[in-house]
Amino acid sequence: MTDVIVIGAGLVGCAVARELARYKVHVRVLERSCDVAEGATKSNSAIVHAGYDAKPGTHKARFNVAGNALFEPLCRELGVPFQRNTSLVVAFSSEDRPKLEELKARGETNGVPGLRIVEREEVLTLEPNIGPDVIAALVAPTGGICCPYELTYRLAESAAANGVEFSFNCGARTVARYGGGWRVETEDGRTYEARVVLNAAGLYADVFNNQVSGEKLTIRPRRGEYLMIDKLFAGAFRATVFQVPTAMGKGVLVSPTVDGTLIVGPTAEELEDKSDTRTTAASLAKIRQSAERVWNGFPSSGVIATFAGLRAHGDRGDFVLGEPPDAPGFFNAAAIESPGLTAAPALAVWLAERVADRLGATKRPEFAGGSSHWPQFRSMSSSERAAAIARDPAYGRIVCRCEGVSEAEIRAAIRCRIGARTLDGVKRRTRAGMGRCQGGFCTPRIIAILCEELGVAPEEVTKFGGGSFLLKGARES
Ligand SMILES: Cc1cc2nc3c(=O)[nH]c(=O)nc-3n(C[C@H](O)[C@H](O)[C@H](O)COP(=O)(O)OP(=O)(O)OC[C@H]3O[C@@H](n4cnc5c(N)ncnc54)[C@H](O)[C@@H]3O)c2cc1C
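Quick notes on the rules
Residues numbered from 1 in each chain as written. Predicted model: local features only at pLDDT ≥ 70, side-chain atom pairs only at ≥ 80, totals over all residues. Heavy atoms only, no water. Helix = DSSP H or I, 4+ residues; strand = E, 2+ residues; numbered from the N terminus. Contact = heavy atoms within 4.5 Å. Areas by Shrake-Rupley, 256 points an atom, 1.4 Å probe, with all protein chains shown as cover. Lys, Arg positive; Asp, Glu negative; His and termini not counted. Charge placed at Lys NZ, Arg CZ, Asp CG, Glu CD. Pairing = 2+ DSSP bridges. Near = heavy atom within 4 Å. Polar contact = N/O pair within 3.5 Å; in protein donor to acceptor, adjacent residues only side chain to side chain. Nonpolar A, V, L, I, M, F, W, Y, C, P; charged D, E, K, R; others polar. Buried < 20%, exposed > 50% of the residue type's maximum accessible area, 1.4 Å probe, protein only. Expected span 1.5 Å × (residues − 1). Salt bridge = Lys/Arg side-chain N within 4 Å of Asp/Glu carboxyl O. Arc of directions from axis to C-beta.

Examining the overall build of the chain
In terms of helices and strands, the chain carries twelve helices and 22 strands. When its C-alpha atoms are laid out on the principal axes, the chain stretches across 65 × 55 × 45 Å. Across the chain, the fraction of contacts at a sequence separation of at least 24, relative to all contacts at a separation of at least 6, is 72%. With an accessible surface of roughly 19,000 Å², the chain has 51% of that area assigned to carbon and sulfur atoms. Positive and negative charge centroids in the chain, built from 59 and 55 side chains respectively, lie 2 Å apart.

See the structure below:
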């Protein structure tokens, strides 16, 4: 019997697993997909929210503000880019202005530092490309941006380096009481026994909560669609610019990303199907229309990609955390919709402490927090590049020209502990295929490298696991 089974290797599951690695416990993470960060974690706005939006007194408010404060030390330790770029909430009409006051008051109650409301002239000085109809803005200097999947890979690497085991393509099907702990049966018939289960299954966390507790939970998918804007427009905005929020969410935002592109979105649409991550022409048109108000001269020609993510919207209106009263030893990290990325570092500490208490576990002094990190060709100076190529000639072979990713980085991304096994896995770990051509040139070369590293045939390489094969040919002939 293992000590802890974590169901789900999204940001939350990986963050909790890494925090648990600080204790003398054995942790196994079961993940249905073939990689970490395949759920909401890969498709969101990537904003580290300041914390003025959540209702005071909720888990969302508490962990948003606490999580935001942990981003600097955590990202420094893991080598993940993070920028405190400031968030602005802009008002375009006098009806919007009271909402700014309301958000400021709410933020102050939540403990958000430095909030202030500024008038039109100052807004346009701060962000000259905001649409001319702006009348005022709430400025939140602690708002930030980071890359959620890079953070998740690094957390998973660090967890694995500290003894956490990951099982991929290993979806949990049922959780049931077994002795003093739990038995988890997987979709392919395997069973695992554990003293504690930590439920971080994203959109499917309600399934497991409802198997063990009488306090039922319903999670529905709320889809958000996005446009990604080319690096050519880097610098158009320094801050993240939100519009005044509505009942459905924080509205369409425009934000730089830590990688130099800009993100525009999301929409908010209630769905039934927990797998429907399609984008739609109607929603993308709505985003464009809304973005034109925020971004004066919005560059439609700069759109290089569109994508959608599904928020895990719970019926209790808040994160569902910790043990249900009738299921001791079963811990929820459920209904973690926005601001879940921001909250994750603080949630993880809080949950790991409670799990360790339940197990009577003490700290492991040998925990090493960092994650192994390969140097990135695109961030090197000329002399660093020359030295890297002298050390490893594969640094001199650029595979992704748009993003400047070398063959050495792609091989490192496959060879690391929680290594890439798919085209998307390589893409998210290295940015190869994320530039203007969206993999048009580098995809065949990455497939060839995956084949060499994994010892598989090209027809076996997938985009994201399962049946997402990229090539047809030899198998049929
Ligand atoms: C459109 C959108 C915008 C957002 N914007 C922001 C933002 O700007 N800032 C912010 O703070 N937050 C934001 N969020 C929220 C943030 O993305 C999430 O809170 C966070 O990613 C949740 O992580 P998670 O690990 O709980 O879920 P997920 O990333 O969904 O991970 C759950 C994992 O569980 C796995 N799983 C599911 N079922 C099983 C099973 N049966 N067995 C094993 N594994 C299973 C899944 O495959 C998945 O890997 C946004 C979310 C969305 C969708």
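Considerations on the pairing of strand 11 (residues 181-186)
As defined by bridge partners, strand 10 (residues 172-178) adjoins strand 11 across six bridges and the pair is classed as antiparallel. Considered in strand 11, the bridge of Val 175 is made with Val 184. Here strand 10 hands over to strand 11 after two residues, with Gly 179 in that stretch at a positive phi of 55°. What sits between strand 11 and strand 12 (residues 191-199) in their antiparallel hairpin is a turn of four residues, with Gly 189 showing a positive phi close to 90°.

Topic: the site of the ligand
As a structural note, the neighbourhood of the ligand is formed by 37 residues, with Glu 31, Thr 41, Ile 47, Ile 336 and Thr 342 the closest of them. Glu 31 is positioned with one of its side-chain polar atoms (N or O) 2.6 Å from an oxygen atom of the ligand. Ile 47 places a main-chain nitrogen or oxygen 2.8 Å from a nitrogen atom of the ligand. The fraction of the free accessible surface of the ligand (1,000 Å²) that becomes covered by protein chains is 96%. For the shell around the ligand, the per-class residue count stands at 18 nonpolar, 15 polar and four charged.

Quick look at the side chain of Ser 167
Relative to the assigned elements, Ser 167 resides in strand 9 (residues 165-167). Among the residues examined, Ser 167 registers a relative accessible area of 9% and is labelled buried. Polar side-chain contacts of Ser 167 include one of 2.8 Å to the side chain of Arg 28. Here Ser 167 is in contact with Arg 28, Val 29, Leu 30, Glu 31 and Tyr 192, once residues within four sequence places are set aside.

A look at the pairing of strand 20 (residues 330-334)
Across the five residues that make up strand 20, a large majority, five, are buried. Where burial is concerned, the two faces of strand 20 agree: the one with Phe 330, Asn 332 and Ala 334 and the one with Phe 331 and Ala 333 are both buried. Two elements, strand 12 and strand 20, share three bridges in a ladder whose sense is parallel. Note on strand 20: the bridge partner recorded for Val 197 is Phe 330. Here strand 19 (residues 320-322) runs beside strand 20; their pairing, made up of three bridges, is antiparallel. When the bridges of strand 20 are listed, Leu 321 appears paired with Ala 333.

Observations regarding helix 5 (residues 148-161)
Taking 1.5 Å per residue as the helical rise, helix 5 with its 14 residues ought to reach 20 Å, and the 20 Å between its terminal C-alpha atoms agrees with that figure. Within helix 5, 13 of the 14 residues are buried, leaving the element largely enclosed by the surrounding structure.

A word on the pattern of salt bridges
A full pass over the atoms with the stated rule returns 43 salt bridges. Of the charged contacts, one joins Glu 453 and Arg 415 as a salt bridge, the two residues approaching to 2.7 Å between their closest N and O atoms. Here Arg 415 lies in helix 10 (residues 407-415) and Glu 453 lies in helix 12 (residues 443-454), a separation of 38 residues in the sequence. A cluster of three or more residues bridged by salt bridges with shared partners is formed by Arg 397, Glu 407, Arg 411, Arg 415, Arg 445, Glu 452 and Glu 453.

Some points on unusual backbone geometry
With an omega of -10°, the peptide bond running from Gly 265 to Pro 266 counts as cis. Residue position: Pro 266 is located in the loop between strand 16 (262-265) and strand 17 (269-270). With an omega dihedral of 10°, the bond running from Ser 338 to Pro 339 counts as a cis peptide bond. Relative to the helices and strands, Pro 339 resides in the loop between strand 20 and helix 8 (340-359). Even without glycine at this site, Ala 37 takes up a positive phi of about 60°. Considering the arrangement of structural elements, one finds Ala 37 in the loop between strand 2 (27-30) and strand 3 (47-48).

With respect to helix 6 (residues 205-212)
Within helix 6, the full set of buried residues consists of Ala 205, Asp 206, Phe 208, Asn 209 and Val 212. Buried residues of helix 6, seen end-on, are gathered within an arc of 165° and therefore sit on one face of the element. Buried-residue contacts for helix 6 involve strand 1 (2-7), strand 10, strand 11, strand 12, strand 13 (219-229) and strand 20.

So, the side chain of Asn 68
Here Asn 68 lies in helix 2 (residues 59-78). There is a polar contact of 2.8 Å between the side chain of Asn 68 and the backbone oxygen of His 49. When sequence neighbours within four positions are dropped, the list of residues in contact with Asn 68 reads Val 48, His 49, Ala 50, Phe 63, Arg 84, Thr 142 and Thr 342.

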